[in-house]
Amino acid sequence: MTSPARKLNLNVGINTTGYLPAAWKYRTGTRQEITDPGYYRRLTELAHKGLFDAVFLSDHPALMTDPKGRPFHTIDPLMLSTGLAAQVPDIGFVATMTSTYNSPYNFARRTQSADIVAGGRMIINIVSSFNPSVSANFGAAPLPPRSERYAKALEFLDVAKKLWASWDWAREGEVPEDRFWDASSAAPIDHDGPYFTVKGPLNVPRGPQGHPVLAQAGASEGGIDLAARHGEIIYCNILSRPAGRAFGRKVRDRAVSFGRDPSGIRIVPGLVVILGESREEALRKHELFSGTGSEDGLIARFVRENGIDPDGFDPDAVLDAERFIPDPNRQQAVGMGLGLADLLTHETLTARQAVRRSEGHHRLLLGTPEEVADAIIDLWADGTVDGYTLQPPRAPDDIADFVAKVVPILQDRGVYRTRYEEATVRDRYGLPYPA
């Protein structure tokens, strides 16, 4: 038997108005849509038309009240995904959940239930919350330090995996006629650790995927440990081939050190695409959707966001990578901030060039559909990445453009599916089933 040809994996973000905060002014639709389940159904149907592996819902259980911004996280992702799965076939769902402010039993029960309802189409993106605004919604205790959050997340998923496997309804033996079930198919997990004490078993049996596929986003040392030990789909910030290869090697080597087979890891970084009939048109769209208005505006934002003294700054001088390494102890997510430093470590760039390589911390592709398709295939073809999570600047507009203009090119090149075949997202990603 021959192995099926490797295919490009693509997810697409469908949070509220799209990925870029300032792009909502140029989208099709109303402000009220962001809390309308029908709107998310239309986005999911659009993604289904484009044969995406899954729609991606990030989450932040706190309302950001910046009057110049817009709400980016509204309906609970797991609830929304479960509702959408009942309405739209085939496509998978990436629901983001926090390990810091959840109990393992409730988490395991809700996610396994959702995966059973969805028929094996759930991916759970586990995150360690980093914003004090979130911690303030779950009690008076301050946000735990990063090291504690990741240590807790490691144990959290250890417990969840034990619970997901604790009742194997399908493995029941002969059941006497006077009994409904063989209770020995379920067993307590009796977990007693530094952070959690859980007896079990779970009152939801193993699902169609064994358990939902686990996604993880984080490139700090704690994030790498979590990805290497538990992550199956790694959502990250990769801006170049050398940086991508270095990141993938680091995650997989760390997985081996934990005694894990690294072949069960897929690297699926974020990607922002802005299409134009020409590259010049795409450049102007970038300036518009970013809210900066011009290339000079992009450079001014770069200077401001990176704490650079604007007096005497030369946008055409080569940037020093070390200047952009984020503080590992900072409050914000460290992993996303590492992307620029990693890019500059491997490439000689000026600020004028760098502002066209990344947007919203993700790889930025600007140009015609053919140019974008070429760039997508480029890092996938040699295995630097296994696919991408498309983050459209505007929803639904940029999802529709990608589906209409880029997907057919990827299909013509033979790298992307022409129909859904596998029933579960685990099979779609070629991931092993848990024992």
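Residues numbered from 1 in each chain as written. Predicted model: local features only at pLDDT ≥ 70, side-chain atom pairs only at ≥ 80, totals over all residues. Heavy atoms only, no water.

Draft legend 1. Structural view of the overall build of the protein chain. Each helix and strand counted, the protein chain has 15 helices and 13 strands in total. Expected size for 435 residues packed as a compact globule is a radius of gyration near 22 Å; at 22 Å, the protein chain falls within 12% of this value. Expressed as lengths along the three principal axes of its C-alpha atoms, the size of the protein chain is roughly 80 × 50 × 45 Å. In the protein chain, buried positions account for 54% of the 435 residues. At a minimum sequence separation of 6, the contacts of the protein chain that also span at least 24 residues come to 77%. When the accessible surface of the protein chain is totalled, it reaches about 19,300 Å², and 52% of it is carbon and sulfur. Computed over 49 positive and 55 negative side-chain charges, the inter-centroid distance for the protein chain is 1 Å. (Helix = DSSP H or I, 4+ residues; strand = E, 2+ residues; numbered from the N terminus. Rg over C-alpha atoms; globule rule 2.2 N^0.38 Å. Buried < 20%, exposed > 50% of the residue type's maximum accessible area, 1.4 Å probe, protein only. Contact = heavy atoms within 4.5 Å. Areas by Shrake-Rupley, 256 points an atom, 1.4 Å probe, with all protein chains shown as cover. Lys, Arg positive; Asp, Glu negative; His and termini not counted. Charge placed at Lys NZ, Arg CZ, Asp CG, Glu CD.)

Draft legend 2. Local environment of the sheet that holds strand 4 (residues 122-127). Across the sheet, 11 strands lie side by side as 9-8-7-4-3-2-1-13-10-12-11; this open sheet has mixed pairing. Of all strands in the sheet, those with a lone pairing partner are strand 9 (266-267) and strand 11 (358-359), marking the two edges. Sheet topology note: the strand 1 (residues 9-13)/strand 13 (residues 387-390) ladder contains four bridges and is parallel. If you follow Leu10 over to strand 13, its bridge partner there is Tyr388. On top of the sheet, helix 8 (residues 279-289) reaches strand 10 (270-275), strand 11 and strand 12 (362-367); it is set at about 135 degrees to strand 12, its chief contact. Packing of helix 12 (residues 369-381) onto the sheet brings it into contact with strand 10, strand 12 and strand 13, and relative to strand 12 it is tilted by some 145 degrees. (Pairing = 2+ DSSP bridges. Axes fitted to C-alpha atoms, helices over the stretch in contact; angles between N-to-C directions.)

Draft legend 3. Up close: the pattern of salt bridges. This model, assessed by the stated rule, comprises 28 salt bridges. For Arg41, the salt bridge identified is with Glu45, shortest N-O distance 2.8 Å. Within this pair, Arg41 and its partner Glu45 are both found in helix 1 (residues 37-49), separated by four residues, close to a single helical turn. Of the charged contacts, one joins Glu287 and Arg284 as a salt bridge, the two residues approaching to 2.7 Å between their closest N and O atoms. (Salt bridge = Lys/Arg side-chain N within 4 Å of Asp/Glu carboxyl O.)

Draft legend 4. Fine view of helix 9 (residues 295-305). Residues Gly297, Leu298, Ile299, Arg301, Phe302 and Val303 constitute the buried set of helix 9. At the N-terminal boundary of helix 9, the capping side chain belongs to Ser294, with an oxygen 3.4 Å from the backbone nitrogen of Asp296. Where helix 9 terminates, the next one or two residues include Gly307, which has phi positive at roughly 65 degrees. (Polar contact = N/O pair within 3.5 Å; in protein donor to acceptor, adjacent residues only side chain to side chain.)

Draft legend 5. Region of the structure containing helix 3 (residues 104-118). For helix 3, spanning 15 residues, the distance from its first C-alpha to its last is 21 Å, which sits close to the expected 21 Å at 1.5 Å a residue. Buried residues of helix 3: Pro104, Phe107, Ala108, Thr111, Gln112, Ala114, Asp115 and Ala118, and no others. Along helix 3, the residues classed as buried sweep out an arc of 155 degrees about the axis, all on the same side. Downstream of helix 3 by a residue or two, Gly119 has a phi angle that is positive, lying close to 75 degrees. (Expected span 1.5 Å × (residues − 1). Arc of directions from axis to C-beta.)

Draft legend 6. Seen up close, the environment of Asp53. Checked against the element boundaries, Asp53 lands in the loop between helix 1 and strand 2 (54-57). Under the relative-accessibility criterion, Asp53 is labelled buried at 0%. As for Asp53 and Leu8, which are separated by 45 residues in sequence, their C-alpha atoms are 9.5 Å apart. Every residue in contact with Asp53, bar those within four places of it in the chain, is listed here: Leu8, Asn9, Leu10, Asn11, Ile91, Gly92, Arg417, Val425, Arg428 and Tyr429. A polar contact is formed between the side chain of Asp53 and the side chain of Asn9, at a distance of 3.2 Å.

Draft legend 7. Highlighting the nonpolar core. Phe52, Phe107, Phe247, Ile376, Phe402, Leu410 and Tyr416 are the most contacted members of the largest nonpolar core, which has 84 residues in total. If near-sequence neighbours (up to four positions away) are discounted, Phe247 is found in contact with Ala219, Ile224, Ile234, Cys236, Ile238 and Ile267. Membership of the second largest hydrophobic core comes to 17 residues, among which are Ile308, Ala321, Phe324 and Leu344. (Core = buried A, V, L, I, M, F, W, Y, C linked by side-chain atoms within 4.5 Å.)

Draft legend 8. Structural detail: the packing of helix 2 (residues 77-85) against helix 3. The N-to-C vectors of helix 2 and helix 3 enclose an angle of 15 degrees; their axes lie 9 Å apart at closest approach. The pairing of helix 2 with helix 3 is recorded here as roughly parallel in orientation. Between helix 2 and helix 3 the crossing geometry is left-handed. Packed against helix 2, whose contacting residues are Leu78, Met79, Thr82 and Ala85, the element helix 3 presents Arg110, Thr111, Ala114, Val117 and Ala118 at the interface. Tallied by class, residues from the contact of helix 2 with helix 3 come to six nonpolar, two polar and one charged. (Parallel < 35°, antiparallel > 145°, perpendicular 65-115°, else oblique. Left-handed = near helix turned anticlockwise from the far one by under 90°. Nonpolar A, V, L, I, M, F, W, Y, C, P; charged D, E, K, R; others polar.)

Draft legend 9. View of the side chain of Glu155. Tracing the backbone shows Glu155 in helix 5 (residues 146-164). No salt bridge is formed by the buried Glu155, whose closest oppositely charged neighbour, Lys162, lies at an N-O distance of 7.6 Å.

Draft legend 10. The environment of Arg149, seen in detail. With respect to the helices, strands and loops of the structure, Arg149 is situated in helix 5. Along the chain, Arg149 and Ser128 lie 21 residues apart, while their C-alpha atoms are 6.1 Å from each other.

Draft legend 11. Looking closely at the pairing of strand 4. Across the six residues of strand 4, six count as buried, placing the element largely inside the fold. Burial of strand 4 is two-sided: the residues Met122, Ile124 and Ile126 facing one way and the residues Ile123, Asn125 and Val127 facing the other way are all buried. Sheet topology note: the strand 3 (residues 92-98)/strand 4 ladder contains six bridges and is parallel. Residue Thr96 lies in a different strand from strand 4, and its bridge partner there is Asn125. For the segment spanning strand 3, helix 3 and strand 4, crossover handedness is right-handed. Across four bridges, the pairing between strand 4 and strand 7 (residues 213-217) is parallel. Residue pairing for strand 7: Ile123 is matched across the bridge by Val213. (Right-handed = clockwise from strand over helix to strand, strands pointing away.)

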